[in-house]
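# Coordinate inspection notes
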Amino acid sequence: MPELPESLAEPVAPAEPPVAENPMADLDGLPGLELEPAATVEPAAQELQEAPAEPEVSVAEGDLQGSGEEPPAEEAALLQAADIEEVQEEEEDETDPPLTPVPAAPPVGEPTGTPILVGGDDFINSEATLVAYDSPNGPREVLLTHISEEAEEKLLDALSIPGTHMEEVQVEEEVKERLDLDKEKKLAELTKTAVSSVQHKLKTGSDMSDASIAKHQAAVDAVSAVLNNPSISDDEKAMAQHYMDQLNVVKDKIDNGGAPMPWMDAYEVTETKMVTKQISVPNGEPEPGTLAATVRKASRIKATLDPESGQTSWDGVTRSSANGTEYEIDMGDGWTAVYRPYQENNPKNTEFSLRGQLEVHAPAGAGHGKDLVERLEQLHLMNKPMTAAEGEWTYLANNIQAQGLEGSVGMQAAMETAQGLQDLQAQEIVHQRMESLMGLDSGALQTAMKRIHLEAAHKVLPMKVEVVRDAVAKASGFAGGAELAASPGYEPTPSTSGKWLTWSRFDVTGKKAEIAGAFKGRSLTHGLHGGALASLLGTGVLASTEKRAAMGIGGGIGMSEQADKMTGGANSVFLRVKKTPSQPGGGMLIWDDPSVLMRRSDYYAYNGDHYGAINPAHQNYSENAITRDPMKIAKFSSSGNEVMFRNGIDLFGAEAPSRIVCHTAAERNTILASLTSRGITQLGGKPVEDVLCTANDYNS
């Protein structure tokens, strides 16, 4: 999402009206209120400045005047605002219904949850997911989303975070550690060096070098010396054998080549010992109007996916550790949230894929779906389902980023005009409600102003869309916004079929013939380890490392999961561009028509192995090498190229692969029976029998 400036670059100093007519002057002295300066806008905004103030909603006035008693000024203002919002919501439901209705109770145990879209710019791609984990105490309903870095300041403003003072305490804890002999002889380091050197050759298809062979031999010598020592303990012998087994795999790859090896873990044993931990010391009660937050080591929900039933469960408590920092937030009434802040997680040494992740947890039990979204307001975030008008704004923003239009002529001016329209609308609402706002204390005034800014953003959205659509059209070769909107590739609503919500890009959907020509004879592929195909099709999604964790799928499935968390690649799935395979091996997903996926707006790619890096602080990131251009991607030549799609790919929906290559006929029959039992008879518009095949079908 492009960053919208807070105000326009050159504020104008208009002639000042009398104080009584200037709402900005009246409110300027009120504590806690910050208003933007007046801004220069395009002529389209003049109607807002000249329009007469709208009358207050009569329902609100009647409620306030109907009783025998006058409520306090601040209570009256807040009641009035709530009534106005309620009337507006009723009108909006009729004229602009949500693109993705929010379920009252997400389906229990569904591992991918229910995808929804939330209005505004606070969330990456406006996406959120409602998951209801099964548990002995009833469903544990959670909202999972990823906020944009620009929205973090609003969220932090809602929190009362303890200071940095930490206190050390001694606690007994089970820890996993390497054996002392391993550390002394550096067996893990030597083995990993050998693995990494050979792994690189396997990924790139290069010949084995003398250096790689020498690294393998050095590790074998060190491990053999330990194994041949008769005085070592049983644990030490098991440790050495662990590394020798891995080195035997490396030897086989040196001699015979083949697919890359799975990730190698160091040998560790579990011990109970006293460890020193640091705990934060609270700084008293939270500030008024804020939520108490506790700083702690980052973690993830540790869910479990039942391979038989396909259901995911979580007890609401158990979490796995992660490399970073998070805030645990008390939202009251049994509601909590967990947030991993951008500013507290240095991209140089923490997991980049964590940054911006937000969880909102309801109390145990079903039926909190709508409340999970509405509770986002406590965090000062947008809390309404996305409407069609808001959807077009997100669609345009995604296309600006995907097509690299940020620096196009007129784009910055259009963004500034859009923000100016919103600022003017906020001032207009303030003017209308001046009398009630003047009676509020600092806390109530800030709450009222936040609501006003959200209301202003919604009211002027159609005008903002028109301004930005016109700029996008001219930047991409159209005469204007009307011509762009009428073009066949313009699809301002997301694809909502299946497990994922994805936005398209009109430079692909509007040029299908050109894209097909660029990829002629080439396919997108994804290779799997043996035995993983049935499990993958059991969930129906090719999911990213981060999504798999939320679904309850254990680690060790991806080739470089830990590295991907540091690069940011863990938020995406990896595919490769290859010459269309005529004799594919088993365990491969093949998209012979890459445009099925290239129509999405959320991918990026490298013509080489960069671990999907989007972390600018990581060594594998390259600003010059990363691309989102499908025409460049079609020409990738490196055997280690990678194309990353955010979150994942729905294998049963419109994005289904054209071929799923099984290892054996028996595996194909098992998968086919499973799909049939679930009523899945077609994949991507083709009978499943035609999509599922075996390697022998091409080798016979």
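This text follows the structure it describes.
Note that the structure is predicted; figures quoted are calculated from it, not measured.

Another point: the nonpolar core. Formed by 36 residues in total, the largest nonpolar core has its most connected members in Leu-524, Leu-542, Leu-575, Trp-591, Ile-633, Phe-645 and Ile-649. Beyond its immediate sequence surroundings of up to four residues, Ile-633 is in contact with Phe-519, Val-577, Met-598, Tyr-603, Ala-605, Thr-627, Arg-628 and Val-643. The next biggest cluster of nonpolar side chains, apart from the first, holds 30 residues, and it includes Val-102, Ala-151, Leu-155 and Val-360.

A few words on the sheet that holds strand β4 (residues 159–160). Pairing is mixed across the open sheet formed by 8 strands, whose spatial order is β1-β2-β3-β12-β11-β10-β7-β4. The sheet is open, and its two edges are formed by β1 (114–117) and β4, each paired on a single side. Of the strand pairs in this sheet, strand β11 (residues 335–339) and strand β12 (residues 357–361) are connected by 4 bridges, and their pairing is antiparallel. Paired with Thr-336 across the two strands is His-361, which belongs to β12.

In this structure the tally under the stated criterion is 26 salt bridges. Across the salt bridge formed by Arg-451 and Glu-377, the nearest N and O atoms sit 3.8 Å from each other. Highlighted residues: Arg-451 in helix α14 (residues 442–459) and Glu-377 in the loop between α10 (369–374) and α11 (388–402), separated in sequence by 74 residues. Through salt bridges that share partners, Arg-296, Arg-319, Glu-326, Glu-328, Arg-340 and Glu-359 make up one connected network.

Okay, the packing of α11 against helix α15 (residues 461–475) next. Between two packed helices, what matters for the description is the angle formed by their axes and the separation of those axes. Two elements in contact, α11 and α15, have axes separated by 10 Å at closest approach and are oriented at 30°. Comparing the axis directions of α11 and α15 gives the class roughly parallel. Handedness of the α11/α15 crossing: left-handed. Residue-level contacts link Ala-389, Glu-390, Glu-392, Trp-393, Leu-396 and Ile-400 of α11 to Leu-461, Lys-464, Val-465, Val-468, Arg-469 and Val-472 of α15.

Right, let's talk about unusual backbone geometry for a bit. Positive phi outside glycine occurs at Ser-126, with the angle close to 60°. Here Ser-126 shows up in strand β2 (residues 123–133). A positive phi angle, near 65°, is found at His-380, a position not held by glycine. Turning to its location among the elements, His-380 is positioned in the loop between α10 and α11.

A word on the packing of helix α7 (residues 187–204) against helix α9 (residues 234–256). Packing of α7 against α9 leaves a shortest axis separation of 10 Å and a crossing angle of 20°. Taken together, the axis directions place α7 and α9 in an arrangement best described as roughly parallel. Every pair of crossing elements has a handedness; the one defined by α7 and α9 is left-handed. For the pair formed by α7 and α9, the contact residues are Leu-187, Ala-188, Thr-191, Ala-194, Val-195, Val-198 and Leu-202 on the first element and Met-239, Tyr-243, Gln-246, Leu-247, Val-250, Lys-253 and Ile-254 on the second. The class makeup of the residues in the contact of α7 with α9 is 11 nonpolar, 2 polar and 1 charged.

A grouping of Asp-180, Asp-234, Asp-235 and Glu-271 is seen on the molecular surface, where their side chains present a negatively charged patch. By the element assignment, Glu-271 lies in strand β6 (residues 269–280). Relative accessible area serves as the criterion here: at 35%, Glu-271 is assigned to the partly exposed category.

Scanning the entire structure with this criterion turns up 5 aromatic pairs. Aromatic side chains Phe-478 and Phe-506 sit 6.2 Å apart centroid to centroid with 80° between the ring planes, which places their arrangement in the edge-to-face category. Note that Phe-478 is positioned in the loop between α15 and α16 (481–486) and Phe-506 in helix α17 (residues 506–509), a separation of 28 residues in sequence. Its relative accessible area of 23% is what places Phe-478 among the partly exposed residues. Considering the side-chain rings of Tyr-490 and Phe-506, the 6.4 Å spacing of their centres and the 40° angle between planes classify their relative orientation as tilted. On the criterion of sequence distance, the pair formed by Tyr-490 in the loop between α16 and α17 and Phe-506 in helix α17 is long-range, its members being 16 residues apart. For the pair Tyr-490 and Phe-506, a shared accessibility class is recorded, and that class is buried. Against the face of Trp-393 rests Lys-464, its NZ or CZ located 4.7 Å from the ring centre.

Each value, and the rule that gives it
Residues numbered from 1 in each chain as written. Predicted model: local features only at pLDDT ≥ 70, side-chain atom pairs only at ≥ 80, totals over all residues. Heavy atoms only, no water. Core = buried A, V, L, I, M, F, W, Y, C linked by side-chain atoms within 4.5 Å. Buried < 20%, exposed > 50% of the residue type's maximum accessible area, 1.4 Å probe, protein only. Contact = heavy atoms within 4.5 Å. Pairing = 2+ DSSP bridges. Helix = DSSP H or I, 4+ residues; strand = E, 2+ residues; numbered from the N terminus. Salt bridge = Lys/Arg side-chain N within 4 Å of Asp/Glu carboxyl O. Axes fitted to C-alpha atoms, helices over the stretch in contact; angles between N-to-C directions. Parallel < 35°, antiparallel > 145°, perpendicular 65-115°, else oblique. Left-handed = near helix turned anticlockwise from the far one by under 90°. Nonpolar A, V, L, I, M, F, W, Y, C, P; charged D, E, K, R; others polar. Patch = residues over 30% accessible without salt bridge, like charges linked within 9 Å, V, L, I, M, F, W, Y side chains within 5 Å. Areas by Shrake-Rupley, 256 points an atom, 1.4 Å probe, with all protein chains shown as cover. Lys, Arg positive; Asp, Glu negative; His and termini not counted. Charge placed at Lys NZ, Arg CZ, Asp CG, Glu CD. Phe/Tyr/Trp six-rings, centres within 6.5 Å; stacked < 30°, edge-to-face > 60°. Lys NZ or Arg CZ within 6 Å of the ring centre and 35° of its normal.

Everything listed here is a matter of geometry and, on its own, says nothing about what the molecule does.
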